[in-house]
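A closer look at the structure
Given next are the chains, with one letter for each unit.
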Amino acid sequence: MLFFYGTGSSRLLTAPLLTTSCTHCGTTGQLSATVFSRYASLFWTPIFPFSKLSVTVCGHCQQTIARLKQMPEGYRPPVQQLQQQARYPISNFAVLILFGLALAFIFGVGWFSDPTPATALSAAEQPVVETDVMEGARYKTIGMTDEDTYALAEVTRLTADTVYFKTTGLLRSPLTAASATVALRDSVPAGVPISKYPRNLWHFLVQGEGRFRRIN
Ligand SMILES: [Zn+2]
């Protein structure tokens, strides 16, 4: 792939040098200075700025001086001060910002929309796969925000790598085998009655994090 590296410049500010006299024509109050930023670019889009340069123009005689070094001594202090005041615009970092946004997007999507985070682990970090789980096993969630509130889950189907289960809505009544049976029959929210997790995530929930406690 061909990369078009380069440099570019953008105007940061223009200000009159009200008390400085033009050394060419002697007019006072007609000089102005413009500060530019120079930036590295990729495909003509700024990556980051690396320097500032200033240009003075006399509005009376049109004399233009494009380098600080070539400016008369009297021009330099006000021009240097302007140069220090001039801030690099955020657009000078366009590529870095886009790159950062792209990274944030990639990781954000990875973190927040993946319903099976365990699969994102590398092979070396693959957790143990839950093998003790069986169809009909019931679990109670623990560690929810309110101590008295819990939900129940019942495993409905198993495959080699996936645990299918249904969960109840939030429950508050004292838990008995009979109340669990009723809740799992009557309190399963409509819409997505069956959830599924990879077995390794199930293991994490039951053993690792202990969010699901077996109740039968
Ligand atoms: Zn002049």
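Residues numbered from 1 in each chain as written. Predicted model: local features only at pLDDT ≥ 70, side-chain atom pairs only at ≥ 80, totals over all residues.

If you check an unreviewed UniProt entry, the chain appears there as Zinc-ribbon 15 domain-containing protein from Hymenobacter actinosclerus.

1. Here we look at the environment of Ser54
How we decide: Strands are runs of DSSP state E lasting at least 2 residues, helices are runs of H or I lasting at least 4, and numbering of each runs from the N terminus. Here exposure depends only on C-beta density: within 10 Å of a residue's C-beta, 20 or more other C-beta atoms make it buried, 12 or fewer make it exposed, and intermediate numbers make it partly exposed, the C-beta atoms being placed from the backbone. By definition, residue pairs are in contact when their C-beta atoms, positioned from the backbone, come within 7 Å.
With respect to the helices and strands, the residue Ser54 is situated in strand β3 (residues 45-58). Judged by local crowding, Ser54 falls into the buried class, with 23 C-beta atoms found within 10 Å. The spacing of Ser54 and Leu68 is 14 residues in sequence and 6.5 Å in space, taken between C-alpha atoms. Setting aside anything within four residues of it in sequence, one finds Ser54 in contact with Ala33, Thr34, Val35, Leu68, Val79, Leu82 and Gln83.

2. Focus on the sheet that holds strand β2 (residues 31-42)
Operational definition: DSSP calls a pair of strands paired once it identifies at least 2 bridges connecting them.
Across the sheet, 4 strands lie side by side as β1-β2-β3-β4; this open sheet has antiparallel pairing. In the strand order of this sheet, the two ends are held by β1 (5-16) and β4 (64-65), each with one partner. In this sheet, β3 lies alongside β2 in antiparallel orientation, the contact comprising 12 bridges. Residue Arg38 lies in a different strand from β3, and its bridge partner there is Ser51.

3. Comments concerning the environment of Ala40
Along the chain, Ala40 falls in strand β2. Taking the C-alpha atoms as reference points, Ala40 and Gly8, separated by 32 residues in sequence, lie 6.4 Å from one another. Ignoring anything within four residues of it in the chain, the contact list for Ala40 reads Thr7, Ile47, Phe48 and Phe50.

4. Description of the pairing of strand β5 (residues 138-141)
Where β5 meets strand β6 (residues 152-158), 3 bridges bridge the pair, whose relative direction is antiparallel. Bridge assignment links Lys140 to a residue of β6, and that residue is Leu152. In this structure, β5 lies alongside strand β9 (residues 212-214), joined through 3 bridges in antiparallel fashion. Considered in β9, the bridge of Thr141 is made with Phe212.

5. Focus: the sheet that holds β9
Counted only if it meets this: Throughout, an axis means a line fitted to C-alpha atoms (over the contacting stretch in the case of helices), and angles, computed between N-to-C directions, take values from 0 to 180 degrees.
Read from one edge to the other, the open sheet built from 5 strands follows the order β8-β7-β6-β5-β9, with strand pairing classed as antiparallel. In the strand order of this sheet, the two ends are held by β8 (195-198) and β9, each with one partner. Here the average twist between neighbouring strands, direction ignored, is 40°.

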